[in-house]
Amino acid sequence: MTLLILLPFLLISGSFSFSVSVTTIPTPTTTSTGPPPKPTIPAIYEAEGQILLPYAEIIEPFTAYFDGKNNKSRIDYYGGTVVTYQRADIKPYGVNQKLVYTSATERNCFQQNGTVNATATTQTVFPDLTQSNYTYEGPYTFNNQTYDIWKFLHRDSNGPDKLNTYRLWMTTGKNPLPARFQMMGANTVFGSHFDKYEVVYSKVQVLKTIDPKTFAVPTNYTCTGFPGPGKMLFNPMQEFINNDDSHVDESFAEFKDNHNRVYRSKTEHEERKNNFRHNLRFIHSTNRQGNSFTLAVNHLADRTDEEMRILRGKQRSNSEFNGGLPFPPHDVSDLPDSLDWRLYGAVTPVKDQAICGSCWSFGTTGTIEGAYFVHLLIQQTGHLVRLSQQALIDCSWKFGNNGCDGGEDFRAYQWIMNGTGLPLADSYGPYLGQDGICSDTSKTETVKITGYVNITSGDREALRAAMFSHGPISVSIDASHKTFGFYSSGVYYDPKCRNDEDGLDHSVLAVGFGIMNGERYWLVKNSWSTYWGNDGYVLMSQKNNNCGVATSATYVTFD
């Protein structure tokens, strides 16, 4: 006979609001019967629930199978998109296995063998109250149902000002079962919260046995060691239930080493590490969703959302018409399926805009560099020049741009047309990553333009035709989502991405297009250094004009 408890009140809908507040647990009242006995974890069970990570804006569903008697466990994430096996029964030191999609159509199994110093153990989704000093806090009524709350306080030995509070909600009655597990990390000196997560159980089914096939990797897979690069997280639940964040420590140490991070104080170090922790959780959880793209830790992983926002410097224009020419009629019958202007020498190396909202200047210079290359190529004198972003930052203020605080490509075009042209980078001076003083450009070598063209908004074929005929195109996108910030490979598509004019907050350069696994994409050059994306580039899906690549695209003209 099995015991099945459903907890429908704990199911979280898609409209869940991420809040860092927690349910206030009232001071327990003393009763004559005293506290209930400390609950024990079922030896064999199946459970369903969700991991809630409000600071990472993640709700991750899971299904768990646990057989403590036979030392086996399995946890599926996102409906089985990723399946993890913990086989402590396999000699000599146990085995961790993971089924994961390595592409849209290919699935692989990776294996990590335990060692004498690091044995592979089973993984429960419930905290073990017998292993920690949990105390009874009292009853609490939620949605007309009473729960017994068990609390555990843990002060971090590496940071005595950090106090972690864990609470386990148990159903009441003859056979109590876990309903919710909460963690809140607080800094007792500053009075701030640095961490929070919850594991919510929507179904718990106590069983007598589980079919052994449940814990076996399907026979059509052969598990191999993870080839890298980097390390694979074989047991994500371990961090939340076992309070084991050793992988965070290892990853953060590697991050600091790779990017030469030295922080000014212990306080800043802890703040940056907490930023890194939440971003790392987001990266791992998103990668378990089975998307057409993958995320990875990059040089931005210790930054806050506000610091990331600074990098997105595309202004929102109040003008309905930017003064550009309309896109002329075009023939798309002979367009190729793929194009990459890098292969023809029309694209300069990826640059880093640094902590400056100057993305608009990189999109502007990129399209002029490419178009000038094509223009000279037609005249059989083609060569690639490098133009100055710093000149645009310093000198185009009177046309509505705001230097490191944002700008727009068409305002830069107007400054170039009104003056002596856009200076070459070597002539004007180096990129500073900050606002500078406008230098006299009349005596420097410049590139002059005669006008600029607005490609028909939202017209994918028009954008392809313009790129084919005129070279790389200045485009603006919605880059406000964390998925974009930590993009690494694959075709990027985020259903939350906007494509309306008001939703565009970042300027980039479209340098090509193509098809991958049947999905059409734009090849886009970013200005966040080669540490970001695929050596500084991203493949952005053309589906539904995702993120607005085709919404506000422009190119320039010459005599």
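Analysis parameters
Residues numbered from 1 in each chain as written. Predicted model: local features only at pLDDT ≥ 70, side-chain atom pairs only at ≥ 80, totals over all residues. Heavy atoms only, no water. Helix = DSSP H or I, 4+ residues; strand = E, 2+ residues; numbered from the N terminus. Buried < 20%, exposed > 50% of the residue type's maximum accessible area, 1.4 Å probe, protein only. Contact = heavy atoms within 4.5 Å. Areas by Shrake-Rupley, 256 points an atom, 1.4 Å probe, with all protein chains shown as cover. Lys, Arg positive; Asp, Glu negative; His and termini not counted. Charge placed at Lys NZ, Arg CZ, Asp CG, Glu CD. Core = buried A, V, L, I, M, F, W, Y, C linked by side-chain atoms within 4.5 Å. Domains from an automatic or database assignment. Disulfide = S-S within 2.5 Å. Polar contact = N/O pair within 3.5 Å; in protein donor to acceptor, adjacent residues only side chain to side chain. Salt bridge = Lys/Arg side-chain N within 4 Å of Asp/Glu carboxyl O. 1 Å grid on protein atoms, 1.4 Å probe; cavity = no way out; pocket = protein on both sides within 12 Å on 5 of 7 lines; lining within 4 Å. Points joined across faces, edges and corners; volume = space filled by probe spheres on them. Nonpolar A, V, L, I, M, F, W, Y, C, P; charged D, E, K, R; others polar. Axes fitted to C-alpha atoms, helices over the stretch in contact; angles between N-to-C directions. Parallel < 35°, antiparallel > 145°, perpendicular 65-115°, else oblique. Left-handed = near helix turned anticlockwise from the far one by under 90°. UniProt positions renumbered as here; feature names shortened; annotations may be inferred.

Asker: Looking at this structure, how should I read the overall build of the protein?
Answerer: Within the protein, the regular secondary structure consists of 10 helices and 24 strands. Split into buried and exposed, the 559 residues of the protein put 52% on the buried side. Across the protein, the fraction of contacts at a sequence separation of at least 24, relative to all contacts at a separation of at least 6, is 68%. When the accessible area of the protein is evaluated, it comes to approximately 25,700 Å², of which 49% is carbon and sulfur surface. Taking the average place of the 48 positive charges on the side chains of the protein and the average place of its 56 negative ones, the gap between the two points comes to 7 Å.

Asker: What's the story with the nonpolar core in this structure? I'm lost.
Answerer: In globular proteins that are soluble, nonpolar side chains generally tend to be buried together. Core analysis: the biggest nonpolar cluster contains 96 residues, and Phe62 and Val125 have the highest contact counts within it. For this core, the domains that each give at least three residues are domain 1 (36-228) and domain 2 (339-557). Formed by 26 residues, the second largest nonpolar core is a distinct cluster that contains Cys404, Leu424, Tyr452 and Phe558.

Asker: Quick question: what am I supposed to make of the state of the cysteines here?
Answerer: Simply put, the disulfide is a covalent bond whose two ends are the sulfur atoms of two cysteines. One pass over the structure, following the stated rule, counts four disulfides. Between the sulfur atoms of cysteine 356 and its disulfide partner cysteine 404 the distance amounts to 1.9 Å. Taking the sign of the torsion about the S-S bond as the criterion, the disulfide between cysteine 356 and cysteine 404, at about -95°, is left-handed. Highlighted residues: cysteine 356 in the loop between β15 (339-340) and α5 (359-378) and cysteine 404 in the loop between α6 (389-395) and α7 (409-418), separated in sequence by 48 residues. Per residue, the accessibility class of cysteine 356 equals that of cysteine 404, and both read buried. Here cysteine 497 connects covalently by a disulfide to cysteine 547, the sulfurs 2.0 Å from one another. A torsion of 105° about the S-S bond marks the disulfide between cysteine 497 and cysteine 547 as right-handed.

Asker: Can you walk me through the domain arrangement of the protein in this structure?
Answerer: Note on interface size: it is often stated as the accessible area lost on association of the parts. When the domains of the protein are assigned, the result is domain 1 (36-228) and domain 2 (339-557). The gap between the C-alpha centroids of domain 1 and domain 2 is 46 Å.

Asker: I would appreciate a short explanation of helix α9 (residues 460-470) in the present structure.
Answerer: Residues separated by three or four positions in an α-helix point in the same direction, a consequence of the helix having 3.6 residues per turn. Listed as buried for α9 are Ala462, Leu463, Arg464, Ala465, Ala466 and Met467. Contacts made by the buried residues of α9 are with β15, β19 (473-477), β21 (506-516), β22 (519-525) and β24 (554-557). The N-terminus of α9 is capped by aspartate 459, whose side-chain oxygen sits 3.1 Å from the backbone nitrogen of glutamate 461. After α9 finishes, the residue glycine 471 shows a positive phi value of roughly 95°.

Asker: Help me out: how do you make sense of unusual backbone geometry in this one?
Answerer: Backbone phi values are negative for most residues with the exception of glycine, while trans is the configuration of most peptide bonds. The residue after lysine 91, namely proline 92, is reached through a cis peptide bond having omega 5°. Summarising the element assignment, proline 92 is placed in the loop between β5 (82-87) and β6 (95-101). Notably, serine 529 is not glycine yet its phi reads approximately 80°, a positive angle. With respect to the element layout, serine 529 can be found in the loop between β22 and β23 (537-541).

Asker: Please clarify how the side chain of serine 358 should be interpreted in this entry.
Answerer: Looking at the element boundaries, serine 358 is found in the loop between β15 and α5. Exposure remark for serine 358: the relative accessible area of 0% places this residue in the buried category. Discounting chain neighbours no more than four positions away, the residues touching serine 358 are Gln353, Ile393, Gly403 and Tyr431.

Asker: So what exactly am I meant to see when it comes to the pattern of salt bridges here?
Answerer: Any two side chains of opposite charge can pair, on the condition that their charged atoms come close. Counted under the stated rule, the structure contains 29 salt bridges. Put simply, arginine 272 and glutamate 268 hold a salt bridge, and the shortest N to O gap is 3.7 Å. A residue pair is termed a helical-turn pair when its members lie 3 or 4 positions apart in one helix, as arginine 272 and glutamate 268 do in helix α3 (residues 266-287) at four residues. Glutamate 268 matches arginine 272 in its accessibility class, with the two residues each being buried. Residues participating in the shared-partner salt-bridge network are Arg264, Glu268, Arg272 and Glu307.

Asker: Looking at this structure, I do not really get the side chain of serine 73. What am I missing?
Answerer: Looking at where serine 73 falls in the secondary structure, it is placed in strand β4 (residues 72-77). Here glutamine 86 takes part through its side chain, which lies 2.7 Å from a polar atom of the side chain of serine 73. One polar contact links the side chain of serine 73 to the main-chain amide nitrogen of glutamine 123, over a distance of 2.9 Å. Beyond its immediate sequence surroundings of up to four residues, serine 73 is in contact with Tyr65, Phe66, Thr84, Tyr85, Gln86, Thr122, Gln123 and Phe215.

Asker: Hey, could you run me through the environment of isoleucine 355 in this one?
Answerer: You can see isoleucine 355 is positioned in the loop between β15 and α5. Along the backbone, isoleucine 355 and isoleucine 310 are 45 residues apart, and their C-alpha atoms lie at a distance of 6.9 Å.

Asker: How should I be thinking about empty space enclosed by the protein in this particular structure?
Answerer: A water-sized probe rolled over the atoms picks out the places where empty space is left. The full count for this structure, using the stated rule, is two cavities of 30 Å³ or more. Taken as a whole, the largest cavity encloses approximately 100 Å³ of empty space. Surrounding the largest cavity, 15 residues form its lining, Phe362, Gly363, Lys525, Asn526 and Ser527 being those nearest its centre. Those elements giving two or more residues to the lining of the largest cavity turn out to be α5 and β21. Looking at the lining of the largest cavity, the element that brings in the most residues is α5, giving six residues. Within the lining of the largest cavity, the residues separate by chemical class into four nonpolar, eight polar and three charged. By volume, the second largest cavity is sized at about 50 Å³. Lining the second largest cavity are Leu53, Leu233, Pro236, Glu239, Phe240, Arg281, His284 and Arg288.

Asker: It is not clear to me how the packing of helix α2 (residues 246-258) against α3 should be interpreted in this structure. Could you clarify?
Answerer: Helix-helix packing: each pair is described by the crossing angle between the helix axes and the interaxial distance. Here α2 crosses α3 at 110°, and the two axes come no closer than 10 Å. Taken together, the axes of α2 and α3 are roughly perpendicular relative to one another. The element α2 and its partner α3 pack so that their crossing is right-handed. Within the contact between the two elements, α2 uses His247, Val248, Asp249, Ser251, Phe252, Phe255 and Lys256 and α3 uses His269, Arg272, Lys273, Phe276, Arg277 and Leu280.

Asker: Would you explain the UniProt feature "domain: Cathepsin propeptide inhibitor" (unreviewed entry) in the protein in this entry?
Answerer: Look at the UniProt record and you will see "domain: Cathepsin propeptide inhibitor" (unreviewed entry) annotated at residues 252-308. The straight-line gap between the two end C-alpha atoms of residues 252-308 is 19 Å; of that span, 58% is helix and 5% is strand.

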